[in-house]
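Coordinate inspection notes
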Amino acid sequence: CSRFSIGQGRQSALVAARLALFVSICAPSIRAQTDGRFVWLLYVDESLLPADRTALEEAVRGIAGAHIVALPKDGEHAAAYEAPCLRQISLAGLPTDPPSALSGAHRRRVYLTSRLDADDALDSSFFAAVHGRVASAAAGGGGDGGGADGFPLYLCHLHALAWLPSTTAGSGVVSTEDAIASWHCLTPGLTKASFSREARSVHAVSHTEVRKGSRRVALLDSGERWSGPVRARTVTSDGLKGVRSARETAVGGGGEGKRAGAPARDADDGTVPWAARYGISPAELRRANEELTRLEARVAEERVSPDGNDCVADFSCALHLGKKAPARLARLTKLAKGKLKKGRSSRRESSLSSRRPSRRRGEPGSA
């Protein structure tokens, strides 16, 4: 499942930028999947304007497994998408008795939940790979601890591509990034497989702790440098990890922080086969880059303003609550001015760092 601007639907520039990423990067990668055995739930809430919901509906039109689900006005939003997968499927009004993924002597139902932020993309063979690995593990093959002893099984990537908007590269730039700790999994495509119909979804597990303890984990990385899921690193991010100003992002530049991988390349130089691997056309990348560079300062200004302080419990409050909030607000203040150089941001740079929003119950506006 994915979530779209939960609690943040009234921030018009932020929603417009996230729509551009969803339409140009996320939705095409799901439309291009070679294995159609999935249900894609896209969660929204009452803060999203009707016109923006219509734009989402148009973006997923023709994707047979896609369903937009409105979260309840009151209550714990996390309870919806952390719930067992059959309960989530029922929210979309779908039958809750899925076919078995296995056959023959090993015929048994496996319940899968996967995570995809609405500004990220998956390789077109993602669901085919997941189904194959899970079926093999459940049947006792593939070295994943087959049978009941190997479940629940988590599947994830440790390597991804990072796409960043740029004013000097027409389609933006692309680099690589890796999980920063031995117990981390990257969020795009993080999947949980279980034999239990009552197992909570993958959203109930922190991606920073998936590989801790005795959990069974299978890695989905191909080993190719320029492969894996795509993560958009833009001003729309709540955590702002790896985000740089589009005015200071250029070909040859390095990434930021511990995740940084290969130097940035022009996204349109042929290194990444966008259409063949992700279903993303060059024209779509250019449109996303145009919108994100155009909206960057407006989004940043909107998010550091008093009106941008509304958030719901969990990750969308990262900008305003917790020990890293002042630094994040300082980074947004720089983005609003079109500058965000590498290095630590001074906490003194944000005049808003002492503000604390009233936190509403529910779940994140993470796109």
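Check the entry above for the structure.
First things first, this report covers the structure right here in the doc. (Residues numbered from 1 in each chain as written. Predicted model: local features only at pLDDT ≥ 70, side-chain atom pairs only at ≥ 80, totals over all residues. Heavy atoms only, no water.)

Within the protein chain one finds eight helices and 14 strands. When the 367 residues of the protein chain are sorted by exposure, 56% land in the buried category. (Helix = DSSP H or I, 4+ residues; strand = E, 2+ residues; numbered from the N terminus. Buried < 20%, exposed > 50% of the residue type's maximum accessible area, 1.4 Å probe, protein only.)

Right, let's talk about the packing of helix α1 (residues 12-31) against helix α7 (residues 282-304) for a bit. Axes are the key here: two packed helices are described by the angle between their axes and the distance separating the axes. Here α1 crosses α7 at 155 degrees, and the two axes come no closer than 8 Å. As judged from the angle between their axes, α1 and α7 are roughly antiparallel. In the crossing of α1 with α7, the sense of the turn from one axis to the other is left-handed. Note on element contacts: α7 touches α1 through E284, L285, R287, A288, E291, L292, L295, R298, V299, E302 and R303, opposite S12, A13, L14, A16, A17, R18, A20, L21, V23, S24, I25 and P28. Among the residues making up the contact of α1 with α7, the classes are represented as 14 nonpolar, two polar and seven charged. (Axes fitted to C-alpha atoms, helices over the stretch in contact; angles between N-to-C directions. Parallel < 35°, antiparallel > 145°, perpendicular 65-115°, else oblique. Left-handed = near helix turned anticlockwise from the far one by under 90°. Contact = heavy atoms within 4.5 Å. Nonpolar A, V, L, I, M, F, W, Y, C, P; charged D, E, K, R; others polar.)

Within strand β2 (residues 40-44), five of the five residues are buried, which leaves the element mostly enclosed by the surrounding structure. Neither face of β2 is exposed, since W40, L42 and V44 on one face and L41 and Y43 on the opposite face are all buried. Strand direction decides the pairing type here: strand β1 (residues 2-3) and β2, joined by two bridges, are parallel. By the bridge assignment for β2, S2 is matched with L42. Crossover β1 to β2 through α1 is right-handed. Relative to strand β3 (residues 66-70), β2 runs parallel, the two being bridged by five bridges. Paired with V44 across the strands is A70, a residue of β3. Remark: the β2/helix α2 (residues 50-60)/β3 crossover connection has right-handed handedness. (Pairing = 2+ DSSP bridges. Right-handed = clockwise from strand over helix to strand, strands pointing away.)

Taken together, the three strands give an open sheet; going across it, the order is β1-β2-β3, and neighbouring strands pair in parallel fashion. Both outer strands of the open sheet, β1 and β3, are each paired with one neighbouring strand and no more. Set on the sheet, α2 makes contact with β2 and β3; between it and β3 the angle comes to about 160 degrees.

This next bit is on α2. Taken as a whole, α2 has its buried residues at D52, L56, A59 and V60. For α2, the buried positions fall inside an angular range of 90 degrees around the axis, keeping them on one side. In this structure, α2 carries P50 and A51 as exposed residues pointing more than 90 degrees from its buried face. G62 sits one or two residues past α2 and shows a positive phi near 95 degrees. (Arc of directions from axis to C-beta.)

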